[in-house]
Amino acid sequence: MNKRHFLHAALLAAAAPAIPAARAATPPADGPTVLTLSGALARPNRGALDPALDQLMSKHGLAFDQARSFTFAELAALPAIEIRPTLEYDARVHALRGPLLSTLLEQAGAMAGETTTLVLRAFDGYTVELGAADLRRLSPIVATHIDGTPLPLGGLGPLWAVHDADRIPELAARPLAERFAQCPWGLYSVHVVAAGGR
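Described in the following lines is the structure provided in the data block. (Residues numbered from 1 in each chain as written. Predicted model: local features only at pLDDT ≥ 70, side-chain atom pairs only at ≥ 80, totals over all residues. Heavy atoms only, no water.)

Below, the discussion takes up the pattern of salt bridges. Applying the stated rule across the entire model yields 10 salt bridges. Residue Asp90 is joined to Arg92 by a salt bridge in which the shortest nitrogen-to-oxygen separation is 3.8 Å. For Asp90, a relative accessible area of 33% gives the class partly exposed. Residue Asp166 pairs with Arg167 through a salt bridge whose shortest N-O separation is 3.9 Å. Relative accessible area serves as the criterion here: at 21%, Asp166 is assigned to the partly exposed category. Note on Arg167: relative accessible area 54%, which makes it exposed. (Salt bridge = Lys/Arg side-chain N within 4 Å of Asp/Glu carboxyl O. Buried < 20%, exposed > 50% of the residue type's maximum accessible area, 1.4 Å probe, protein only.)

This part takes up the sheet that holds strand S2 (residues 67–71). With mixed pairing, five strands are arranged side by side in an open sheet as S2-S1-S11-S5-S6. A strand with exactly one partner marks an edge of an open sheet, and here the two such strands are S2 and strand S6 (127–131). Ignoring which end each strand starts from, the neighbouring axes of this sheet average 20 degrees apart. Bridge count for strand S1 (residues 33–39) against strand S11 (residues 187–193) is four bridges, and the pairing is parallel. Following the sheet pairing, Gly39 is matched in S11 by Val192. (Pairing = 2+ DSSP bridges. Helix = DSSP H or I, 4+ residues; strand = E, 2+ residues; numbered from the N terminus. Axes fitted to C-alpha atoms, helices over the stretch in contact; angles between N-to-C directions.)

Attention now goes to the sheet that holds strand S8 (residues 145–146). Judged by pairing direction, the sheet is antiparallel, and its four strands sit side by side in the order S3-S4-S8-S9 without closing on themselves. The outermost strands of the open sheet, each flanked by one partner alone, are strand S3 (81–83) and strand S9 (149–150). By the bridge criterion, two bridges tie strand S4 (residues 96–98) to S8 in an arrangement that is antiparallel. Bridge pairing in S8 links Arg97 to His145.

Shown next, in the form of structure tokens:
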């Protein structure tokens, strides 16, 4: 399936009425899941990956026994941080708003330690690994809004794991095109890997 067909199917799926399915946990009533945290978690709200119904995650090689799913409404209801980085796409400052990634990890009861690795995955398969030190140093948000409007699917959204590169000296010193390599837009999955885990 090419990207255009995937985006079309994703939009149709979001607009279609919910179809009851046998799942280990009932999905939230306030919209479809837009972000799934999996791996070493203490507070899941859904069961194992279903290879038949969780097609994108399955195709990207994810595997988990339990996870914490978030709807857009749940993310938007969390305390938000606003950052104002200069973006590589137009070399302009934009206001990006959303909860800290660390807040979502806390909500899910992520087993965080110095040897924990976070694997962030975007719709297109782009994958970034962040360690505990990276999380502290970069303090990324999961942006839901840009310049006051929701991030659109097909643009940079609906979610973008992003840091304020202008305020991080080692990144601000780099050329603009090199500041956001650890910032997957179209974020849909964060897998928490504890030491010796998967």
